[in-house]
Amino acid sequence: MPIVNSKTGKVTKDYSIEELETAANEMRGYNLISIACAKSGLSGGTLSIMDIAAALYLKVAKHDPKNQDWSDRDRIIWSAGHKAPALYVALGMAGYFPVEDTARLRKLYSPYQGHPHWPRLPGVEASTGSLGQGLSIAAGIALAARLDDKDYHAFCIMGDGEQQEGQIWEAVMMAGHYKLDNLIGILDKNRLQIDGWVEEVMNIESIVNKYKNFGWHVIEVDGHNMAEVVEGLEQAVAYEGKPTLLCAHTVKGKGISFMENIAGWHGKAPSEEQLEQALKELGLEGKIPVKEMFKIAADHQKEAMTKLDAKMPKFGKDYFWNSGERMKADMSPTRKGFGKCLCDTGDDERVVCLGADISDSITISEFYKGCPGRENRWFSMGIAEQNGTCVAAGLAKEGKLPVFGTYGVFASGRNLDQLRTTVCYGNHNVLIAGAHGGVSVGPDGATHQALEEFFQMCGLPGMTVAAPCDFVETRRASEYLLFQVKGPKYIRFAREATPIVTTLNTPWKFAEANVIRYRGEQDQFIDAFETKLASEYESENEDLTVIACGPSVCEAMRAAYILKEEHGIETRVVNMHTVKPMDKKAIIKAALETGIVITAEEHQVGGMGNLVAAVVAQARELYEKSIIMGMIGVKDRFGESGAPWELVKEFEVSAEHIAAKAKELYDLAGKGTGAAKGAK
């Protein structure tokens, strides 16, 4: 059934096959423009699913864009949430909002998040992004329809790499068992995932027979033949007695010569020049409003920056990274320090690395790239975090040094029970790499921004947890954890390039904090600070302490710079690079000597902060002392899309917010007498 008016039951518009083909072509154009406006997004998979999206939203699914909550509508779940740009364009074309508005894709304060978030946008049925979960949601919706005696269908769009997730097969088994004939799975079988060809990463064949063996009816179609797609979907809707899988054979990057069948276009946005070429190949030159959409994006960005700027604490000048003539900082992602370690130390025959489809992104692939002879110690686990974790435990049991890495949200959450029961309870020597920690992951949005790992990992008995501050420290911590720490260990690092504030000559000792002191403005940011091991540091009667971990250490250092230059406040910065076991002596000493302790982390507030507070609360030396504490962190909210440094500001974890909190507590403690001592 095409789009209907839910009040009258009349068809709003019934597209012919030719009109659907034209619409799908235009949708590819709008899709690429929105991704180009965002300068990020997933081109390849959105192009492969577009014909199906056009057929579903404009021809087959029963829905009413003017009544999004209509109880009898069909529900469409995008389990492959990374294909969100195609979803947004399909909703726009169907009439939920002007399709040109998708130019605001992945921007701060936009409803068009990097992965779908249903409370933010009409027409989105579920918040998705962690692969493998959508089919279970759709099955639950299908069960609800049965319980309520409703005749709507639940459609679920999935990728073929996604079939590697174990939860998919739990849902497939359950749907077959209950004969959910109002459930329709749609498999976008474009044969590619991030790490390459699906059959090479982790073969899923014969996927058709597998579904059939679980009691599903299967229809195979050419996913780019509109007549076949529509006929297949209509057959699926009419089929009774079993759930149906529509297996659509597609081409990743379909319609664009330089994108087709190229794994590298999975998560890459076209440049303006590439966009121009793509629209020419689609025959859309002058037919869709390119300039207007770029203006929509630019206007939204301007409004967002005005709103964001209004939230920021104000100081006498701009202290942001590399904004002035002096205090320049070199930038490099901490994740590259992890890759450098594996590259440099991987000749040890005990080291075995396990990938989870995002190998280049988290740099674990540096273990074998350009290093002949290591390929036999590299194993692709596919999109299957729980399995990869337990495989690593098995390798460790037999004397290997396994490294398993993925995004932090999955490394610490998706496989939490496996880490608890298999790795930690068994005390296996497994190094888990949690990449892309914090909101600075950027436009991928909440589903891919790891903000809870300290709660999860530090609560596991026997688990060692490290959060190094920069590229160099990540390199050092990775090697120490891999070869010197026996037992379960977790290292958290970030995606975005952050300041390099240490060198190989910087004092560093596992499980012992560093004390960092601002010494005065220099040409290079790193030269403006002196670092010592906490055990070797003697008090300089600082006014307060900021305890930080990860790249928040760099923000704490910048906050110390702001506090000194603006208010004459002296700050002791403590780099708590080993979060568990924590350097309790450094915390107690800082609290005793400065009286004010602030924790700073790019994490849900209290992840590290609560651990520091517990040390302060239980220290006998502090029982009769007046200690003031504050915490900087994400305030009990999920992340969202936006540029990395925009989000650091929006979520109030920047140096400016640390400095503002520090000044507030400084004044509260009575240390400030009007203007702070030495203030400019």
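Note that the structure is a prediction, hence the values are computed from the model and not measured.

J.: When you look at the overall build of the protein chain in this model, what are you seeing that I'm missing?
T.: What the protein chain contains, in helices and strands, is 23 helices and 24 strands. Radius of gyration (C-alpha) of the protein chain: 27 Å, near the 26 Å computed for a compact globule of 680 residues. With 680 residues in all, the protein chain has 61% of them scored as buried. When the accessible area of the protein chain is evaluated, it comes to approximately 25800 Å², of which 49% is carbon and sulfur surface.

J.: Which parts of the structure should I look at to understand the pattern of salt bridges?
T.: Two side chains bearing opposite charge may form a pair once their charged atoms approach each other closely. In the structure shown here, the tally under the stated rule is 43 salt bridges. For Glu-19, the salt bridge goes to Lys-13, with nearest N and O atoms at 3.6 Å. Overall, the relative accessible area of 35% leaves Lys-13 in the partly exposed class. Between Asp-72 and Lys-150 there is a salt bridge, and its shortest N-O distance comes to 3.2 Å. Taken together, the residues Asp-72 in the loop between helix H3 (50-60) and strand E3 (75-78) and Lys-150 in the loop between helix H5 (134-147) and strand E4 (154-159) connect sequence positions 78 residues apart. With relative accessibility at 31%, the residue Lys-150 sits in the partly exposed group. Here the residues in one salt-bridge network are Arg-517, Arg-519, Glu-530, Glu-540, Glu-542, Lys-564, Glu-570, Arg-572, Lys-589 and Glu-593, joined through shared partners.

J.: Explanation requested: the packing of aromatic side chains in the structure shown.
T.: Each aromatic ring pair is summarised here by two numbers: the centre-to-centre distance and the angle between the ring planes. A complete count under the given rule lists 18 aromatic pairs for this structure. Note on Phe-320 and Trp-645: the rings are 5.6 Å apart at their centroids and 90° apart in plane angle, and the pair reads as edge-to-face. In this pair, Phe-320 sits in the loop between helix H11 (290-311) and strand E10 (331-333) while Trp-645 sits in helix H22 (residues 644-650), placing the two residues 325 residues apart along the sequence. Each ring, one from Tyr-480 and one from Trp-508, has its centre 6.0 Å from the other, and the planes form 75°; the classification is edge-to-face. Of the two residues, Tyr-480 is situated in helix H18 (residues 471-484) and Trp-508 in the loop between strand E17 (497-499) and strand E18 (514-518); the sequence distance between them amounts to 28 residues. Here Trp-508 falls in the buried class, since its relative accessible area comes to 17%. By way of ring pairs, the aromatic residues Phe-315, Tyr-319, Trp-321, Tyr-518, Phe-525, Phe-529 and Tyr-561 are connected into one cluster. A cation over an aromatic ring shows up here: Lys-268 above the ring of Trp-265, its NZ or CZ 4.5 Å from the ring centre. Just above the ring of Tyr-109 sits the side chain of Lys-307; from NZ or CZ to the centre is 4.1 Å.

J.: Which parts of the structure should I look at to understand the pairing of E3?
T.: Every other side chain in a regular strand lies on the same face of the sheet, so the side chains alternate between the two faces. What you see with E3 is no split at all: Arg-75 and Ile-77 on one side and Ile-76 and Trp-78 on the other are buried throughout. Bridge count for E3 against E4 is four bridges, and the pairing is parallel. In the strand pairing of E4, Ile-77 is matched with Cys-156.

J.: Just to check I follow, could you spell out the nonpolar core for this structure?
T.: Inside soluble globular proteins, nonpolar side chains tend to come together where they are buried. Met-27, Leu-56, Leu-58, Trp-78, Ile-186 and Leu-233 are the most contacted members of the largest nonpolar core, which totals 69 residues. For this core, the element with the most residues is helix H1 (residues 17-38), which contributes 11 residues.

J.: Quick question: what am I supposed to make of the sheet that holds E4 here?
T.: Each strand in a sheet pairs with its neighbour through backbone hydrogen bonds, running either in the same direction (parallel) or in the opposite one (antiparallel). Across the sheet, which stays open at both edges, the five strands sit in the order E3-E4-E5-E9-E8 with parallel pairing between neighbours. Either end of the sheet is taken by a strand with one partner, and the two such strands are E3 and strand E8 (217-222). Between one strand axis and the next, the sheet turns through 20° on average, direction left out of account. In the packing of H3 onto the sheet, contacts are made with E3, E4, strand E5 (183-189) and strand E9 (244-249), and the angle to E3 comes to roughly 160°. In the packing of helix H9 (residues 226-238) onto the sheet, the strands contacted are E4, E5, E8 and E9, and the crossing angle to E8 comes to about 170°.

J.: What should I look at first to understand the environment of Leu-354 in this one?
T.: Note that Leu-354 resides in strand E11 (residues 351-355). Along the chain, Leu-354 and Gly-161 lie 193 residues apart, while their C-alpha atoms are 17 Å from each other. Ignoring sequence-local partners within four residues, the contact set of Leu-354 consists of Ile-364, Trp-378, Phe-379, Met-381, Gly-388, Val-391, Ala-392, Leu-395, Val-403, Phe-404 and Gly-405.

J.: Explain the sheet that holds strand E22 (residues 578-580) to me, please; I cannot follow it from the model alone.
T.: The sheet built from seven strands is open, its strands ordered E12-E11-E13-E14-E16-E15-E22 with mixed pairing. At either end of the open sheet lies a strand with only one pairing partner, and these are strand E12 (378-380) and E22. Taking each pair of neighbouring strands and ignoring which way they run, the sheet shows an average axis angle of 20°. Taken together, the three bridges between strand E15 (residues 464-466) and strand E16 (residues 489-492) define a ladder with parallel strand orientation. Paired with Ala-466 across the two strands is Ile-491, which belongs to E16. On the sheet, helix H14 (residues 385-397) packs against E11 and strand E13 (401-407) and is oriented at approximately 165° with respect to E13.

J.: Would you mind showing me how to read unusual backbone geometry here?
T.: Going from Glu-205 to Ser-206, the amide bond is cis rather than trans, its omega being -5°. By the secondary structure assignment, Ser-206 is in the loop between helix H7 (198-202) and helix H8 (207-213). Following Lys-580, the chain continues into Pro-581 via a peptide bond in cis, with omega recorded as 0°. For Pro-581, the position within the fold is in the loop between E22 and helix H20 (584-594). Even without glycine at this site, Met-327 takes up a positive phi of about 60°.

J.: How should I be thinking about the side chain of Glu-555 in this particular structure?
T.: Secondary-structure assignment places Glu-555 in helix H19 (residues 552-567). We classify Glu-555 as buried; its relative accessible area is 4%. A distance of 2.8 Å separates a polar side-chain atom of Glu-555 from the backbone nitrogen of Ala-655.

J.: Is there a simple way to explain the packing of H19 against helix H23 (residues 655-668) in this structure?
T.: For any two helices packed against each other, the geometry comes down to the angle between their axes and how far apart the axes lie. The N-to-C vectors of H19 and H23 enclose an angle of 55°; their axes lie 8 Å apart at closest approach. Judged on the interaxial angle alone, H23 and H19 are oblique. By crossing handedness, the relation of H19 to H23 is classed as right-handed. Along its contact with H19, which presents Glu-555, Ala-556, Arg-558, Ala-559, Ile-562, Leu-563 and His-567, the element H23 presents Ala-655, Glu-656, Ile-658, Ala-659, Ala-662 and Lys-663. Per-class residue counts for the contact of H19 with H23 are eight nonpolar, one polar and four charged.

J.: What is the right way to read the confidence of the model for the protein chain from this model?
T.: Should the pLDDT be low somewhere, the predicted coordinates at that spot are not to be read in detail. On average, residues of the protein chain carry a pLDDT of 96, and 99% of them reach 70 or more. Segment residues 674-680 is flagged for pLDDT under 50; beyond a separation of four residues in sequence, or across chains, it makes 15 contacts in the model.

J.: Explanation requested: helix H16 (residues 416-424) in the structure shown.
T.: Three or four residues apart is the spacing at which side chains of an α-helix point the same way, because the helix has 3.6 residues per turn. Those residues of H16 lying buried are Gln-418, Leu-419, Val-423 and Cys-424. All buried residues of H16 lie within an arc of 140° about the axis, which places them on one face of the element. Its buried side turned inward, H16 meets H14, helix H15 (408-414), strand E14 (431-435) and helix H17 (453-458).

Parameters and conventions
- Residues numbered from 1 in each chain as written.
- Predicted model: local features only at pLDDT ≥ 70, side-chain atom pairs only at ≥ 80, totals over all residues.
- Heavy atoms only, no water.
- Helix = DSSP H or I, 4+ residues; strand = E, 2+ residues; numbered from the N terminus.
- Rg over C-alpha atoms; globule rule 2.2 N^0.38 Å.
- Buried < 20%, exposed > 50% of the residue type's maximum accessible area, 1.4 Å probe, protein only.
- Areas by Shrake-Rupley, 256 points an atom, 1.4 Å probe, with all protein chains shown as cover.
- Salt bridge = Lys/Arg side-chain N within 4 Å of Asp/Glu carboxyl O.
- Phe/Tyr/Trp six-rings, centres within 6.5 Å; stacked < 30°, edge-to-face > 60°.
- Lys NZ or Arg CZ within 6 Å of the ring centre and 35° of its normal.
- Pairing = 2+ DSSP bridges.
- Core = buried A, V, L, I, M, F, W, Y, C linked by side-chain atoms within 4.5 Å.
- Axes fitted to C-alpha atoms, helices over the stretch in contact; angles between N-to-C directions.
- Contact = heavy atoms within 4.5 Å.
- Polar contact = N/O pair within 3.5 Å; in protein donor to acceptor, adjacent residues only side chain to side chain.
- Parallel < 35°, antiparallel > 145°, perpendicular 65-115°, else oblique.
- Left-handed = near helix turned anticlockwise from the far one by under 90°.
- Nonpolar A, V, L, I, M, F, W, Y, C, P; charged D, E, K, R; others polar.
- pLDDT = per-residue confidence, 0-100.
- Arc of directions from axis to C-beta.

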